[in-house]
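Here is how the chains run, residue by residue.
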Amino acid sequence: MYSENFQKSIAAVEAAREKNITLEPERMTAKQKEDLLASFHPDYKQDEFDVLKIGPNKGEKVPTELAEILQAHSRITKDSVSLENPDYETDVLIIGGGGAGTAAAIEAHEARADVMIVTKLRMGDANTMMAEGGIQAADKPNDSPAIHFVDAFGGGHFAAKRELLSKLVCDAPEAILWLSNLGVEFDKEADGTMVTTHGGGTSRKRMHAAKDYSGAEIMRTLRDEVLNRNIPVVDFTSAIELILDENGNAAGAVLMNMETKELLVAKAKTVIIATGGAGRMHYQGFPTSNHYGATADGLVLGYRAGAKLLYAETLQYHPTGAAYPEQIFGALVTEKVRSIGAKLVNAKGEVFMHPLETRDVAAASIIRECSERGNGVDTGNGKGVWLDTPMIEKIGGEGTIMRRIPAMWRMFEKYGIDIRKEPILVYPTLHYQNGGLDIDANCMTTNIENLFVAGEAVGGIHGKNRLMGNSLLDIIVFGRSAGKNAAAKAKDVKVGKLTLSHIEKFEKEIVDAGIVTDMTSPKLLPDYTRQK
Ligand code: MEZ
């Protein structure tokens, strides 16, 4: 239910609806996109970035808030814990209990390695659980991994590491099969074929979904599999520092019980970082679609131990975060809403962009509409544009919304808004970390032996912008691959004497660079008591 303030604008949206449904907005040219991004995309706001003074990416710029935690003190000193009698010993230590971590655990277990998951909240408290719209895979006759590659490579500004993107698209059909066999209930046509839709920047319909609960359905299945296999999961326990051995190879982690703050030591032959994203860093003050624990922990752990980052300066602002009501500010409004017919319109009821531009372009368009062009709707808590959801029922027929996007209906219905009848207000929300730790095609970091990474903590798979549905895909493809490779590698590893000497080395770098900070990292949880 919208108050009086919105009615004039809603009337304009309703009056233009029939015309807007059939309107085919032009695609932007490459030059128009470049100019738009340079002026309106948050990644291009130079004063929101700092140049790193220390570490493997010294001299490169990253978001100011990320620079602060990458260049912060460790939570411990090298003498805070004894490494002599580890509390846990395993072949493969997996840090993170989301989609990538659990997929890795299943494959490492399948390869008969001893495997253990440590997670700072509970298994499944992760961005995977919150993913809605779907997972891409080129498994229809009119499609191919090569076409999928071209779409994603272009969408990512031709910056993806080719070997990683190639693995992503080539392993995608098998990833869908694996998930199906584990029990994921993908949406199907009456004849049993998968329902597939478009996403922004896709030239073929290759988005597989479970309504708009795709991530929750995948996570449910992976979690069940981990539990069925009795894979040990240590929950409410965070990794706060990697442990290396005397040869500089990854060999475990220092853990902290989130409640008692007790420190524990896990020794391992190989380590997989699967800690997910960074939405709760609220870069540039943006709200986020991410889960509570998304604080870039893996980047901090890896960086302090000497692992390189790739594209850490690029973030994804999902074009359609909820802008109203305030209670759900920043929550994800899945791109699938546009895939199945809703268009973005401004306060005057005008369509201002093609609904399926890539996410960076769509986000920048919305920001321009609400700033320079002055065509945003005042939400009482900022600005937003309309996503004209009633179009969906007009195009797909009555019942389409309940059949395809029931979670969206439920999210707004709680606040008296029936998205079948009324449009909704949206504005970009911090959604995804495009950059992360630099890995090779075997998922091992390029400069620390036996340290593997999977999921959102990886940089370079998608280049500088990710297409919808390639994240649920990458957690499965790279999670599985990291699990298999870490298990295989563990067979030949002889762990040397454990050490935390990298902490001392990093402290010296902080002092030598003249960095003055009282911050410690990883951050682990957001702090909402000290907002700027
Ligand atoms: O890949 C994603 O980020 C995704 C599917 C999000 C969404 O809009 O549903």
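Cut-off values and rules
- Residues numbered from 1 in each chain as written.
- Predicted model: local features only at pLDDT ≥ 70, side-chain atom pairs only at ≥ 80, totals over all residues.
- Heavy atoms only, no water.
- Helix = DSSP H or I, 4+ residues; strand = E, 2+ residues; numbered from the N terminus.
- Contact = heavy atoms within 4.5 Å.
- Lys, Arg positive; Asp, Glu negative; His and termini not counted.
- Charge placed at Lys NZ, Arg CZ, Asp CG, Glu CD.
- Phe/Tyr/Trp six-rings, centres within 6.5 Å; stacked < 30°, edge-to-face > 60°.
- Buried < 20%, exposed > 50% of the residue type's maximum accessible area, 1.4 Å probe, protein only.
- Core = buried A, V, L, I, M, F, W, Y, C linked by side-chain atoms within 4.5 Å.
- Domains from an automatic or database assignment.
- Buried area = accessible area lost by both parts, 1.4 Å probe.
- Salt bridge = Lys/Arg side-chain N within 4 Å of Asp/Glu carboxyl O.
- Pairing = 2+ DSSP bridges.
- Axes fitted to C-alpha atoms, helices over the stretch in contact; angles between N-to-C directions.
- Near = heavy atom within 4 Å.
- Polar contact = N/O pair within 3.5 Å; in protein donor to acceptor, adjacent residues only side chain to side chain.
- Areas by Shrake-Rupley, 256 points an atom, 1.4 Å probe, with all protein chains shown as cover.
- Nonpolar A, V, L, I, M, F, W, Y, C, P; charged D, E, K, R; others polar.

Caption draft 1: Inspection of the overall build of the protein at higher detail. Across its full length, the protein carries 17 helices and 23 strands. Overall size of the protein, expressed as C-alpha extent along the three principal axes, is 75 × 55 × 40 Å. Taking all contacts inside the protein whose residues are at least 6 apart in sequence as the whole, residues at least 24 apart take part in 76%. Of the charged side chains in the protein, 61 are positive and 72 negative; the average position of the first set lies 2 Å away from that of the second.

Caption draft 2: Spotlight on the packing of aromatic side chains. Evaluated as defined, the whole model comprises nine aromatic pairs. Between F286 and Y317 the ring centres are 4.6 Å apart and the planes differ by 55 degrees, which places this aromatic pair in the tilted class. With F286 in the loop between β12 (263-273) and α10 (297-305) and Y317 in strand β14 (residues 315-322), this residue pair connects regions lying 31 residues apart in the sequence. For F286, a relative accessible area of 11% corresponds to the buried category. Each member of the aromatic cluster is reached from another via a ring pair, and the members are Y2, F6, Y324 and W386.

Caption draft 3: Layout of the nonpolar core. Among the nonpolar cores identified, the biggest contains 149 residues, and V92 and V333 are the most heavily contacted of them. The greatest single-element share of this core, amounting to ten residues, is contributed by helix α16 (residues 470-490). Core analysis: the second largest hydrophobic core is formed by 14 residues, A251, M256, L500 and L524 among them.

Caption draft 4: View of the domain arrangement of the protein. Per the domain assignment, the segments of the protein are domain 1 (4-40 + 317-430) and domain 2 (88-314 + 434-499). Between the C-alpha centres of domain 1 and domain 2 the distance comes to 30 Å. With 29 residues of domain 1 at the contact, the number on the domain 2 side is 30 residues. Taken together, both faces of the contact between domain 1 and domain 2 bury some 2300 Å²; the carbon and sulfur share is 57%. Contact with domain 2 buries area across many residues of domain 1, yet K336, R359 and L430 alone supply 26% of it, more than any other trio. Put simply, domain 1 and domain 2 have one salt bridge between them.

Caption draft 5: Up close: the sheet that holds strand β13 (residues 309-310). Taking strand neighbours across the sheet as the criterion, the three strands line up as β13-β19-β21 in an open arrangement whose pairing is mixed. Sheet topology places β13 and β21 (458-459) at the edges, where each strand pairs with a single neighbour. Where β13 lies against strand β19 (residues 436-438), two bridges are found, and the strand directions are antiparallel. Residue pairing across strands places L309 opposite L437, the latter belonging to β19. Helix-sheet contacts for α10 involve β13 and β19, and the interaxial angle to β19 is about 40 degrees.

Caption draft 6: Representation of unusual backbone geometry within the structure. In this model, Y324 is joined to P325 through a cis peptide bond whose omega is 0 degrees. In this structure, the amide linkage connecting S521 to the following residue, P522, adopts the cis form with an omega of 5 degrees. Looking at the secondary structure, you find P522 in the segment after β23 (520-521). One non-glycine residue, F236, lies in the positive phi region at around 50 degrees. Mapped onto the elements of the fold, F236 is located in the loop between β9 (233-234) and β10 (237-245).

Caption draft 7: Spatial organisation of helix α15 (residues 406-413). Of all eight residues in α15, six are buried, a share of seventy percent or more. The complete set of buried residues in α15 reads P406, A407, M408, W409, M411 and F412. Buried residues along α15 sit against β14, α11 (336-339), α14 (400-404) and β18 (424-433).

Caption draft 8: Representation of the sheet that holds strand β7 (residues 196-197) within the structure. Read across the sheet, three strands follow the order β6-β8-β7 without closing on themselves; strand pairing throughout is antiparallel. Because the sheet does not close on itself, it has two edges, and the strands there are β6 (135-136) and β7. Relative to strand β8 (residues 207-208), β6 runs antiparallel, the two being bridged by two bridges. Residue pairing in the sheet places I135 in a bridge with H208 of β8.

Caption draft 9: Representation of the site of the ligand. Taken together, the residues surrounding the ligand are E132, G133, G134, H318, L332, T334, E335, R359, H431, R466, M468 and G469. The side chain of T334 places a nitrogen or oxygen atom 2.6 Å from an oxygen atom of the ligand. At 2.7 Å from an oxygen atom of the ligand is found a main-chain nitrogen or oxygen belonging to E335. Its free accessible area being 280 Å², the ligand has 98% of it covered by the protein chains. In terms of residue class, the shell around the ligand is made up of two nonpolar, six polar and four charged.

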